[in-house]
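Residue-level structural notes
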Amino acid sequence: SHNKMSRTAMRLTKYPLESLMSTTTVASLIILPLLCLIATMPVSEALSSATKSSKVVVVGLNAALQKRFVLSPSAKLVPGSVHRADHMEEGVGGKGQDVAISLSCLVSDKRKMDDDEEMDIALAQFIGAGAEGEQVLSLLRTNFCLDDALTVRPEAKLRTCTTIVGSDCSTELVEPSGSIQQDELDSLMAKVHAKCGGGDNDASVVDALCIMGSMPPGCPSETYADIYSRAAADNTLVLIDSVVGVQPLLQSLSTGKKKGAVLKINASELCRLANVEQEESTSEADKTSEKDIRKAVTSFFQTFKVGKGALDYMAITDGRHPAHLVEILKDDNEDASSPSFQILKMDVIDLLSTNDNEPITLYPIGAGDTVAAGTLAAWQCLSSFQGEQDQKQSRNLLSRKVQDLLATKRKAWGLTANIENDDMALAFAFGLACGSASCLQEENSVFEVEDAMGLLGKMGKPQSLS
């Protein structure tokens, strides 16, 4: 098959050409048939056999060792009280790391169901020194098969984040991050440029770029914009889930190359970023009103001077409450103070109300990052083919059973294939289902794909808000 021949060609490049050409048997049995095969292919097919791979670059500059302090299932988290753990867990923390872990869950499912093709998930990260850093690197390699090609080890110690998990809610304790030195930042930029082929290359192999979370001290506000310029090209989908470095990144997005861009953000974070006081909520666990969301979106556009073409969507999550997808309309009104937009209200399944067994403990830390991962994976899949034949040939992160479910859900909701906003609504719905599924697992951002599929099946059609 073409895939087998491609893998053979890749193995051959590890050895000097002189040694291969001097071996008549190898040249006649392997190289010549390969050249003949490529020569008889149509040009587009020959190129696609060499380049049709799915590469996702996840930027997670603020990694952590994650500790989970889990109370007994009957214990509630009460401020000011003494809490004794039922058990302790340790794992990987950091928003970018969470996304990479969730993507690895999707890839693992695809390999089990479909094939053993390699899917390239590159994690650009700083992993600090010390035992904590070694433990996190080991977990990423061993448990999730994520390599360290874009990893830089700064001198500063890796931070630790601790989650206290009660039966009714959780809270997060976050240590400060160590400072990054200029030579360490330069090293990361060089690795990104080399891995991605350069952002000025139209044939960049980066299908999706995911920029996640805060930056450690020492990283200037332009860091995310610089990474974007080095990694993205015309075929790259960009998902941002960060409230730092937003202004220079949006400026770069408005003039740079990309296939599409979405800002995924929590409703409470959006309100704070847009300087909108929430009228009906006192904490991040409370529901954000639709009035506040609309006001925050408008204020965000005006505050950050979001120009035409910077973003295509905003995906707004609100914990266990309904989410909202904002489609930014491509109008020609240059004089408008902010872009026009329309909002879809997205269903989120209440896990507590649908559970028959009592009691149940949910693990929401990292769920928002899993939403980002699922949304990006589905968006990349839905936008990578134009028909059934392209779907069969396309390399993406979703198994055939997930793709079939997306097609079924699209038909049930009356959505149109290859219509951008319909594809994004379906992708965000799948991301929300993945995020909910991750709340059922103790480890950050780990989830069972079957759970996500079941939850997506129960979700109602997105509703347009006038």
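Scroll up for the structure.
The model shown is predicted, which means the values in this text are computed figures rather than measured ones. Counting restarts for each chain: residues are numbered from 1 in the order of the written sequence. Since the coordinates come from a predicted model, pLDDT governs what is reported: local features require at least 70, and pairs of side-chain atoms require 80 or more to be given and counted, while whole-chain, interface and lining totals use all residues. Heavy atoms throughout the structure, all of them, feed into the side-chain values; hydrogens and water do not.

**Notes on the nonpolar core**
Applicable threshold: Working definition of a nonpolar core: buried Ala, Val, Leu, Ile, Met, Phe, Trp, Tyr and Cys residues. They are joined through side-chain atoms within 4.5 Å. Think of it in three bands: residues with accessible area under 20% of the maximum for their type are buried, residues over 50% are exposed, and the middle band is partly exposed, with areas taken using a 1.4 Å probe on protein chains only. Runs of E in the DSSP output that reach at least two residues are strands. Runs of H or I that reach at least four are helices, and both are numbered from the N terminus. The contact criterion used is simple: two residues touch if any of their non-hydrogen atoms lie within 4.5 Å.
Counting residues in hydrophobic clusters, the biggest one holds 75 residues, and the most contacted among them are Val58, Leu103, Leu398, Leu406, Phe430 and Leu456. Here this core gets 11 residues from one element, more than from any other, and that element is helix H16 (residues 420-438). Aside from chain neighbours lying at most four places away, what touches Val58 is Gly96, Val99, Ala100, Leu103, Ile121, Ala122, Leu123, Ala124, Cys210 and Met212.

**A few points about the sheet that holds strand S11 (residues 313-318)**
Put simply, the rule reads: Paired strands, as defined in this entry, are two strands with at least two bridges between them according to DSSP. In this analysis, axes come from line fits to C-alpha atoms, helices being fitted only over the stretch in contact, and the angle between any two N-to-C directions falls in the range 0 to 180 degrees.
One open sheet holds the 10 strands; their spatial order is S5-S4-S1-S8-S9-S10-S11-S12-S13-S14, and the pairing between them is mixed. The open sheet terminates on both sides in strands that have one partner only, identified here as strand S5 (151-152) and strand S14 (463-465). In this structure, strand S1 (residues 55-60) lies alongside strand S4 (residues 120-126), joined through six bridges in parallel fashion. In the sheet register, Gly60 faces S4, and the bridge partner there is Gln125. Of the strands in this sheet, S1, strand S8 (206-212), strand S9 (237-241), strand S10 (260-266) and S11 are in contact with helix H13 (residues 367-382), which crosses S9 at around 170 degrees.

**Looking at helix H11 (residues 290-303)**
Where we set the bar: A helix is expected to reach a length of 1.5 Å times the quantity of its residues less one.
For H11, spanning 14 residues, the distance from its first C-alpha to its last is 20 Å, which sits close to the expected 20 Å at 1.5 Å a residue. Looking only at H11, the buried set comprises Asp292, Ile293, Ala296, Val297, Ser299, Phe300 and Phe301. For H11, the secondary structure elements touched by its buried residues are helix H9 (246-255), S10, helix H10 (267-273), S11, strand S12 (321-328) and strand S13 (341-346). Downstream of H11 by one or two residues, Lys305 has phi in the positive range, about 50 degrees.

**Quick look at the sheet that holds strand S6 (residues 160-165)**
What the four strands build is an open sheet, ordered S3-S2-S6-S7; its pairing is mixed. The open sheet has two edge strands, strand S3 (87-93) and strand S7 (170-174), and neither has a second partner. Averaged over neighbouring strand pairs, the angle between their axes works out to 20 degrees when direction is ignored. Direction of pairing for strand S2 (residues 64-70) relative to S3: antiparallel, over a ladder of seven bridges. Bridge pairing links Gln66 to Gly91 in S3. Seen against the sheet, helix H6 (residues 130-144) touches S2, S3 and S6 and runs at an angle of roughly 80 degrees to S3.

**Digging into empty space enclosed by the protein**
Which entries qualify depends on this criterion: Using protein atoms alone on a 1 Å grid, points that fit a 1.4 Å probe yet trap it form a cavity, whereas open point sets bounded by protein on both sides within 12 Å along at least five of seven lines form a pocket; residues with an atom within 4 Å of a point count as lining. Grid points are joined across faces, edges and corners, and a volume is the space filled by probe spheres set on the points. When residues are grouped by polarity, Ala, Val, Leu, Ile, Met, Phe, Trp, Tyr, Cys and Pro land in nonpolar, Asp, Glu, Lys and Arg in charged, and all others, Gly among them, in polar.
For the coordinates displayed, the defined rule picks out one cavity of 30 Å³ or more. Looking at the largest cavity, it is lined by 14 residues, and the ones nearest its centre are Asn62, Lys157, Leu158, Ser177 and Gly178. Looking at the lining of the largest cavity residue by residue, the class counts come to eight nonpolar, four polar and two charged.

**A look at the pairing of S4**
What counts, and what does not: Consider the strands pointing away from the viewer: the crossover is right-handed when the path from the first strand over the helix to the second runs clockwise.
Of all seven residues that make up S4, six are buried, and the element is covered over most of its length. Alignment of S4 against S5, held across two bridges, turns out to be parallel. In the strand pairing of S5, Gln125 is matched with Thr151. Each parallel crossover has a hand, and for S4 linked through H6 to S5 it is right-handed.

**Description of the side chain of Asp369**
Looking at the element boundaries, Asp369 is found in helix H13. The class for Asp369 is buried, based on a relative accessible area of 5%. Apart from the residues within four sequence positions on either side, Asp369 is in contact with Lys95, Asp98, Val99, Met212, Asp241 and Ser445.

**Re the packing of aromatic side chains**
Condition: Note on aromatic pairs: the rings of Phe, Tyr and Trp (six-membered ring only in Trp) are paired at centre separations within 6.5 Å, and the planes decide the class, stacked below 30 degrees, edge-to-face beyond 60, tilted for the rest.
Applying the stated criterion across every chain, the model contains four aromatic pairs. Taking 5.8 Å as the distance between ring centres and 65 degrees as the angle between the ring planes, the aromatic pair formed by Phe301 and Phe341 counts as edge-to-face. Placement of the pair is Phe301 in helix H11 and Phe341 in strand S13, with a sequence separation of 40 residues. Comparing Phe301 with Phe341, the two get one shared label, buried.

**Some thoughts on the packing of H16 against helix H17 (residues 449-458)**
Each packed pair of helices is defined by two parameters, the angle between the axes and the distance between the axes. Quick reminder of the rule: Throughout this description, any angle smaller than 35 degrees is read as roughly parallel, any larger than 145 degrees as roughly antiparallel, any in the 65 to 115 degree range as roughly perpendicular, and the remainder as oblique. By definition, turning the near helix anticlockwise from the far helix through less than a right angle yields a left-handed crossing, and turning it clockwise yields a right-handed one.
Between H16 and H17, the least distance of the axes is 8 Å, while the angle of their chain directions is 125 degrees. Judged by the angle between their axes, H16 and H17 are oblique. By crossing handedness, the relation of H16 to H17 is classed as right-handed. Here Ala429, Phe430, Ala433, Cys434, Ser436 and Ala437 of H16 come into contact with H17, specifically with Asp451, Ala452, Leu455 and Leu456. Among the residues forming the contact of H16 with H17, the class breakdown is eight nonpolar, one polar and one charged.

**Considerations on the environment of Thr162**
Summarising the element assignment, Thr162 is placed in strand S6. It is 5.7 Å that separates the C-alpha atoms of Thr162 and Arg68, two residues lying 94 residues apart in sequence. Ignoring anything within four residues of it in the chain, the contact list for Thr162 reads Gln66, Lys67, Phe69, Thr171, Glu172 and Leu173.

**Re the pattern of salt bridges**
To be explicit about the condition: Salt bridge, as applied in this entry: a Lys or Arg side-chain nitrogen positioned within 4 Å of an Asp or Glu carboxyl oxygen.
Summed over the entire model, instances satisfying the criterion amount to 13 salt bridges. Across the salt bridge formed by Glu134 and Arg153, the nearest N and O atoms sit 3.2 Å from each other. Linking Glu134 in helix H6 with Arg153 in the loop between S5 and S6, this pair joins segments that are 19 residues apart in sequence. Its relative accessible area of 46% is what places Glu134 among the partly exposed residues. Judged by relative accessible area, which is 33%, Arg153 ranks as partly exposed. When the shortest N-O distance is used, the salt bridge between Glu450 and Lys401 registers 2.7 Å. With Glu450 in helix H17 and Lys401 in helix H15 (residues 400-413), the pair connects residues that are 49 residues apart, well separated along the chain. Several salt bridges converge on common partners, so that one network encompasses Lys95, Asp241, Lys264 and Asp369.

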